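As a plain string of letters, each chain reads:
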Amino acid sequence: IQQQFVAAVQRQVQSEVSKDSNINNRWLLQHLEQNDWWLRKEHYRWFIKKYNQTREKEDQLTAAYKAYYRDVNVWLPEVRWKTPGNRFMPCCPTCKKNTRVGPHCFRDNHAGRVIVGQTETYYTVSRRYICHECEGQTKVAKEKFEAAAEENNLIAKIELDDSKYTFMGWNQTSLTLLPYNRGSKFPAFLTWRAGVDKTIITTLRQDVAGGKGFDRISKDLLEHHTEKYTDLHLEYEYSIRERLDGGLITEADPIFGDFRNAKLYRGLVPTGAYLQHAYLLYHDSIRTYLMKEVKKRGATSLRWDVSYKEAKHISRVRGQPVFKGLVTAMNEFGEIRIQFHVYTDSHEQMTAALEAFKRTQEALGQPPVKYFWTDNPIGDKGYFLQQIPSLQENQNMLDAMQSGDSNLPRYDFRSIDVHLVESKEEGSKKECNRKVIAMLEQMNKDAKTIGLDAEWNVERDGLGQVKGSSPVMTIQMAYRDQSYKIQVLVIRTDKWGVLPSKLKELLCNDSYKFVGVNVSADLKKIARDFDISIMKEVDQNKRDNVINLGLYARERDVVHNANYGSMELLGERLLGIEIDKTLQDSYWSGKELRSEQLQYAAEDAAISLELFEKLDAMPDLTSRLTEEELTAGMKVDLVPQQGQYASKESLNTRAATVTVIGRRPCHCPEGIVPKEGTGTKVKPCANSYVVRVDTIYATAFIIPGYKKEDSNEIVSLGDIGLTEIVVPIAMLRKHIASDAIRPAPAPTESHGNDCAGPTPPATEASPKRVPNKSLRLPLSDDFEYSDLQKKPAEPEVGEDEEYMDYDEFITAIVEESNSDTFGLTSEDISMLQAAIFEADEAQRGKPVLSCDKLDDAPIPQDIKNLFSVILGDIYHAMNRAKVPVKHEAKKAYFHALRNAFLIWNPKKVEKFESKMREDGMDEKEIEAIKYFKPHLYDECIERHAPAPRILYYRVRAVFTLFGNMLDSKTQKPLFNNAAWNKANQVLKEILAGFYSDPPNVTLYSKKMRSNGQVMKNKYGMELVECFRGTNRVEAYHKKLHPIIKSKNCGVHMSAALLAELRHRHNQIISEQRRAGPKIGHFSLHKIDQLQELYLKNHGRVLYSGWDSASAYKQTEESFDTIALHHSALQDALNSRKEELGHVKMTKDLQYMCDAMGVPLPFLPFEGKAEDQLFAKLILEHKGRFDDVKFSLEWCKHVDPEKGIHAKLPCHIRVQDAKFDRNQRIRATLEKARSGRETLNELHSKVLPTILEEETASNAQEDDSPTSTPPPPSATTAPSRKRKSPAAALSHTWRVPTHPRYFPIPLPQAMHNAPYVQHGGMVIGNIPLPQQGRGNNKFERNKVCTLCLRNQGTNAETCPGRGSHKRCRYFERNGTPKPLQIIPTKRKLKCGVCGCLGCPGVGGRKHCKNK
């Protein structure tokens, strides 16, 4: 019915637009002009009546029920908008012109195109047009080709394809070329053979962005369409019921057509696959614009994050995800600026996207990136500084801003000679051997010292931890030649599996010193990577000729802690130079070393050599004098023994200077006696000496073996004074005449000022000073004189107590008396404050915040306030150390850690709290809000992450306080060993400046309302929002996951989906955080055109601050699916494609090739053919495994038709690990063969008795158990004789049943009411009203009989119910009236007095002048 109706409409339109048609007989065109070129389904009877009047009987139409007809749209733009110059003639899609375009024909094989709407379908009708210019060019090209073929004696027959120069009026390209945007009047978006209404496309975009799948959207459309069908069916049945009740039906009515009946109702609902196809076609038309929308936003700072959850569900080929991660980078506003897929998180796959981003910024003239946030600052810093030059420039500016740094020069690279050996050249190993021999001949024989360093590629995880590394790529060695000039030999080893013989011999030679920062680790890696067995068998840390400069510097008190003896710090303190280590994590596997890499490698080795020479000339402060070295009259220093705290915290301290006397007995000072025994004389033993104290630097320094005569208290230097005493030899060190030697650390405040600096001579001091008892340990009475003679080096305080030097003693006392404050007193805090801010009262060498689980804390003066442009996320750092979820200290720990990292603006805090006090809150309530609801503070008060010197101690204090706290229920500490390691790593990153806010950088903006006003909370405080860290990117990824996880879509669909989500996110964020208009929808290309038209028409802009993306030029930067390979792999693929010729690929694979710019797609391993080929190649492979070379070799075997696709190096690495794992699994299965056979035997014997299978005829209708099992049959009984089985030990295989209908309801389940109401309608039998005449004539005429006669759908609401003259839809002869919108006339004058503005306009009774 529908197809016949649409075909008739097309024939009538065709006859009326033809040149031979009578202008007076164009009734359909006149009707279309009056109804916006729509033939509505309500007018179908009128059309059939008019149509049949002009047709033969066999061509006439028969009217059916009104529900079977649909609306028809006629699209003839040149007829619809007639102009003298035929301006609206459709343009040719090929030549983009309409100067020689004319009508061609109407299609006779089908009439119209069916379009799916929201609740039902409709049709659109158009015709084909021909471009005579393109037709002529095609014919000329055909003639030339045939002539050329004839000249070469070739037979060529070419048939012209009119699709090259003819087109339909609804062609998408042609529609967009119609002037004045008239193409937008076309109501549908067409695919190859069908189409959907434009409202469906808008709904598709909304639903897909909201997380709906296409199948779900298809079901929603089916629901709308079938509900519409049901409503029409109900109307049809009610009409029959009405006529039956009135006795108007004399014959049976036909049955209403089924929803999918192609001849009657013809309900059509697109499948999910079709909707996805339409969605992709539409997105292809706006893809360029969406990319411009992203690029126009720019970025002066980036927030970078990689998510691995979304990639599992999208970009799937052959059922497997092509990528493993989604990289997203946001700008300072939170708008997405960079987004693409990666297979791994290695930096090599990010290079192409960053290079394209930089070129776009340069082409569009956008400001460069200055700061970069990431959750892996350690692993990312070197790479991003190298890839984004503007970051490196800004880093240099930050470094120059630091006090003292700008005065430090760089290392003079011109003072050294560099010799490079390349590994890729033939004969490179021989060249290396010659260079090594020449080096040993030129080396200064007196030194025999080599500064050694090595470089390799490092791969880090999201926490900055090293998760993988390449073999050693470069070995550099520095030495002094005969003229004492430094020579550096840089050897590239990236192409070698085995080191040259001479180089290997040199590394194993113990007669040469190898020096460097952590040089033992470099030697270990060289031995492991190049399989040097001699070096692998020896611990490189224990080789006497291997010197780690960090420990070497600690032994000379250059650094406070060997772990912090970095090359940067040593270079600053010993050589007075600034050292930049940013290139350490750069890519060392390139074809050639860049000049800056070569300089960095050479300087590392040369500086190591010079640092050693400086340190070697300094005294070793860990050495102690031996008995052979001591002579009477020698001046020596009295120092602590080498205990735990002495070696860590007080290495360069001395308690006093003394003169060696000898081994004669000496008298005890007045009031002091030996700890045990009687008398006042002490005789030294073999391990002790008598000395005379000359100068005291630490009065509280404890002297072992003595006690007060009248008590058991220990004795200090302040008690003894300048006199002779017996001390262990282990406390005597060679005197160093230098002011740099620190005195022993000052005790706590209980000692007063007695310990500050050297004491005056004993005659001027008070010899009978009473020490503070709180700082003295009780002594026992069991000590004998013989014990002092036998073991004076380690005298004991008691039988079960160990000796403590000063530092150990004071630490134990503080820990005992201040356990609730983790060993930190108020004086310590004041001293720490003074040291941080370099006040005059700062004391160097005082240990603070000691914790055996953490590295030793550097003293504040050793912390350099470094600031970085590569910044870490603070909340990632806070969550790095994992703590138990239910630990009672967790809440307090995170609250304290948060306050340690971030400092609220104190002025705003005071203002906010004063407003809360005014509101009636007391201090306890305010403190509770600050603790339990800190977001109320965060949303209106800015926070600041302080400089490293401040931040380090704030965070370390939190770790020290809470780390060992026990849960009262589980008795477990808050931190386990793994958490302590993570906390230690966080502290190191703080020292590197990764969590401190750079100076002069604004990280907050005010929250604005849609009207442009600043948002405020209920206390009147302006709301602010922060863009520090990567939280916004991670929140976007978290929001993205539920939208994507239900969509297992291909590469093309994934790109369209991400582009839509990215576009919507950016527009929402722009309206929230940028000044400008609030649009409300996401078709922003319409706003671009509206803005331009408004400016031309009215001379001013419509939306101030609007930035039109359409005006930007297109750049080569793309998103989502980008190139991840290198040029060598591209060349190999191009060669292979030429060998294969034409290759059939799916649309998804072809899109992937186009997006990545490759002839063949890169896909992960999948299928038996690829696994077998990999196994074959890996077994044939010789030498060290190289994934890059392997991927190039793989290209020679690529054949998509055989299921073998190209591979990236990362694909090779993953498959290699999988292959190795499978080999181990096979070996394990082989080992367990006998056990598996035993299990199979057990499973075959220990199983239930299998009874005879039920047939479908005797199968039970329900699932109730049978009363008794049937006996086992002879054929299924087990071979071993069994007794009759119990019900639980037997099993009968039952035949699956067919689905069943709902059971027939029982009588007691049914109600007796005649009808019920549900959803606004009555279900059941409604009693008819009594017949009779009413008082009102409108009560007699409930419907418009004229509409009812013509089967109109508005009979009950039409004004024609009272009179046919008032019918809005039909004339009395049945002709449809044109649908018009009649505006309501507004009264302007009063009906009583006739005055303008009188209240009587609203009603006569309101007139003031009546």
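The residue count restarts for each chain, going from 1 along the sequence in the order it is written. Owing to the predicted nature of the model, reporting of local features is limited to residues with pLDDT of at least 70; listing and counting of side-chain atom pairs is limited to 80 or more, with chain, interface and lining totals taken over all residues. Computation of side-chain values: all heavy atoms of the structure, hydrogens and water removed.

A. Summary view of the overall build of the chain. Secondary structure counts use DSSP, requiring at least four H or I residues in a row for a helix and at least two E residues in a row for a strand, with both numbered from the N terminus. What the chain contains, in helices and strands, is 42 helices and 44 strands. Out of the 1410 residues belonging to the chain, those deemed buried represent 47%. Contacts are assigned to residue pairs with any non-hydrogen atoms lying within 4.5 Å of each other. Restricting to contacts in the chain with at least 6 residues of sequence separation, those with at least 24 account for 71%. A total of about 74,400 Å² of accessible surface is found on the chain, and carbon and sulfur atoms cover 51% of it. Only protein chains enter the area calculation, which uses a 1.4 Å probe; residues under 20% of their type maximum are buried, those over 50% are exposed, and those in between are partly exposed. In these tables, accessible area is a Shrake-Rupley quantity obtained with a 1.4 Å probe, and a residue counts as shielded only by the protein chains included in the view.

B. Region of interest: the environment of threonine 121. Mapping threonine 121 onto the fold places it in strand S5 (residues 121–125). With a relative accessible area of 4%, threonine 121 lands in the buried category. Sequence separation of threonine 121 and aspartate 197 is 76 residues, and the distance between their C-alpha atoms is 8.9 Å. With near-sequence residues (within four places) excluded, threonine 121 lies in contact with Gln2, Arg70, Val114, Ile115, Val116, His225 and Leu268.

C. Summary view of the pattern of salt bridges. Criterion for a salt bridge: a side-chain nitrogen of Lys or Arg within 4 Å of a carboxyl oxygen of Asp or Glu. Enumeration according to the criterion identifies 61 salt bridges in this entry. Among the salt bridges present, the one from arginine 1224 reaches aspartate 1220, with a minimum N-O distance of 2.4 Å. Here the residue arginine 1224 and the residue aspartate 1220 both occupy positions in helix H39 (residues 1209–1231), the gap between them amounting to 4 residues, near one helical turn. Since its relative accessible area comes to 48%, arginine 1224 is described here as partly exposed. Assessed through its relative accessible area of 42%, aspartate 1220 is described here as partly exposed. Linked through salt bridges whose partners overlap, the residues forming this network are Glu293, Lys296, Arg297, Glu335 and Arg1074.

D. Helix H37 (residues 1168–1180), seen in detail. With 13 residues, H37 should cover 18 Å at 1.5 Å per step; its first-to-last C-alpha distance of 18 Å lies within 8% of that length. Contacts from the buried residues of H37 go to helix H38 (1187–1195) and H39. What a helix should span is 1.5 Å times the count of its residues minus one.

E. Spotlight on the confidence of the model for the chain. Scored from 0 to 100, pLDDT records how confident the predictor is in each individual residue. Confidence in the prediction for the chain averages 81 pLDDT; 84% of positions are at 70 or higher. Within the model, pLDDT remains below 50 along residues 745–822, and this stretch shows 145 contacts once partners closer than five positions in the same chain are excluded. Here residues 839–845 scores under 50 on pLDDT; set against residues more than four positions off or in separate chains, the count is 16 contacts.

F. Broad picture of the sheet that holds strand S22 (residues 513–516). If you trace the 6 strands from one edge of the open sheet to the other, you get S16-S21-S20-S17-S22-S23, paired in mixed fashion. Only two strands of the sheet have a single partner each, and these edge strands are strand S16 (417–421) and strand S23 (546–548). Recorded for the sheet is a direction-independent mean angle of 25° between the axes of neighbouring strands. Paired strands, in this sense, are two strands between which DSSP finds at least two bridges. As paired strands, S16 and strand S21 (residues 486–492) are joined by 5 bridges and run parallel to one another. Each residue of the ladder has a partner; that of leucine 420, found in S21, is valine 490. Axis lines are fitted to C-alpha atoms, over the contacting stretch for helices. Their N-to-C directions set the angle, which ranges from 0 to 180 degrees.

G. View of the packing of helix H7 (residues 198–209) against helix H9 (residues 272–295). Closest axis-to-axis distance for the H7/H9 pair is 11 Å, and the angle between their directions is 95°. Comparing their axes, H9 and H7 come out roughly perpendicular. Taking contact as the criterion, the partners of Ile200, Ile201, Leu204, Arg205 and Val208 in H7 are, on H9, Leu275, Ala278, Tyr279, Tyr282 and Ile286. Counted by class, the contact of H7 with H9 contains 9 nonpolar, no polar and 1 charged residues. Roughly parallel refers to an angle under 35 degrees, roughly antiparallel to one over 145, roughly perpendicular to one between 65 and 115, and oblique to any angle outside these ranges. For this classification, Asp, Glu, Lys and Arg are treated as charged, while Ala, Val, Leu, Ile, Met, Phe, Trp, Tyr, Cys and Pro are nonpolar and the rest, including Gly, are polar.

H. Structural context of the side chain of lysine 1207. If you trace the backbone, lysine 1207 turns up in the loop between H38 and H39. Any pair of N or O atoms that falls within 3.5 Å is considered a polar contact. Within protein, one atom must be able to donate a hydrogen and the other to accept it, and sequence-neighbouring residues count only if both atoms are side-chain atoms. Within the local environment of lysine 1207, its side chain forms a polar contact with the backbone oxygen of leucine 1163, the two atoms lying 2.8 Å apart. Reaching out from lysine 1207, the side chain makes a polar contact with the backbone oxygen of proline 1164 at a distance of 3.1 Å. Beyond its immediate chain neighbours, meaning those up to four positions away, lysine 1207 contacts Arg318, Leu1129, Phe1162, Leu1163, Pro1164, Phe1165, Glu1170, Ser1191, Trp1194 and Ile1212.

I. View of the side chain of threonine 449. Its place among the elements puts threonine 449 in strand S17 (residues 449–455). Judged by its relative accessible area of 7%, threonine 449 falls in the buried class. Residues within four places of threonine 449 in sequence aside, it is in contact with Met443, Ala478, Tyr479, Lys513, Val515, Leu609 and Phe612.

J. Spotlight on H39. In a regular helix each residue adds 1.5 Å, so 23 residues correspond to 33 Å; H39 covers 33 Å between its end C-alpha atoms and thus fits that length. All of the buried residues along H39 are Pro1209, Cys1210, His1211, Ile1212, Gln1215 and Phe1219. Packing partners of the buried residues in H39 comprise helix H35 (1127–1140), H37 and H38.

K. View of the packing of aromatic side chains. Only Phe, Tyr and Trp rings take part, Trp by its six-membered ring, and two of them pair if their centres are within 6.5 Å. Stacked means planes under 30 degrees apart, edge-to-face means over 60, and tilted covers everything else. Applying the stated criterion to the full structure yields 47 aromatic pairs. A ring pair is formed by tryptophan 304 and phenylalanine 372, whose centres lie 5.5 Å apart and whose planes are at 35°; its orientation type is tilted. You can see tryptophan 304 sitting in strand S10 (residues 301–307) and its partner phenylalanine 372 sitting in strand S15 (residues 371–374), a full 68 residues away along the chain. Taking the relative accessible area as the measure of exposure, phenylalanine 372 reaches 0% and is therefore buried. Ring centres 5.6 Å apart and planes at 75° place the aromatic pair phenylalanine 912 and tyrosine 1019 in the edge-to-face group. With phenylalanine 912 in helix H27 (residues 906–918) and tyrosine 1019 in the loop between strand S39 (1004–1006) and strand S40 (1024–1026), the pair connects residues that are 107 residues apart, well separated along the chain. For phenylalanine 912, a relative accessible area of 1% puts it in the buried group. Assessed through its relative accessible area of 14%, tyrosine 1019 is described here as buried. By way of ring pairs, the aromatic residues Phe5, Trp27, Tyr44, Trp46, Phe47, Tyr51 and Tyr69 are connected into one cluster. Cation placement over rings: the criterion is NZ of Lys or CZ of Arg within 6 Å of the ring centroid and within 35° of the ring normal. A cation over an aromatic ring shows up here: arginine 70 above the ring of tyrosine 265, its NZ or CZ 4.5 Å from the ring centre.

L. Local environment of a positive patch on the surface. Patch rule: a residue counts if its relative accessible area is over 30% and it has no salt bridge; like charges are joined within 9 Å, and nonpolar side chains (Val, Leu, Ile, Met, Phe, Trp, Tyr) within 5 Å. Charge counting treats Lys and Arg as positive and Asp and Glu as negative, with His and both chain ends excluded. The location of each charge is read from NZ of Lys, CZ of Arg, CG of Asp or CD of Glu. On the surface, Lys424, Lys495, Lys591, Arg1184 and Lys1189 cluster together into a patch of positive charge. Residue position: lysine 495 is located in the loop between S21 and helix H14 (501–508). Note on lysine 495: relative accessible area 44%, which makes it partly exposed.

M. Quick look at the sheet that holds strand S36 (residues 870–872). Across the sheet, 5 strands lie side by side as S14-S13-S10-S15-S36; this open sheet has mixed pairing. Both edges of this open sheet fall to strand S14 (336–342) and S36, since each of them pairs with a single strand only. For this sheet, the mean angle separating the axes of adjacent strands, direction not counted, is 20°. As defined by bridge partners, S10 adjoins strand S13 (residues 325–330) across 5 bridges and the pair is classed as antiparallel.

N. Inspection of the packing of helix H13 (residues 428–442) against H14 at higher detail. Following both chains from N to C, one finds H13 and H14 inclined at 40°, their axes separated by 7 Å at the closest point. Looking at the two axes, H13 sits oblique to H14. Counting all contacts with H13, which are made through Cys432, Asn433, Val436, Ile437, Met439 and Leu440, the residues of H14 involved are Ser501, Lys502, Leu503 and Leu506. Class assignment for the residues of the contact of H13 with H14 results in 7 nonpolar, 2 polar and 1 charged.

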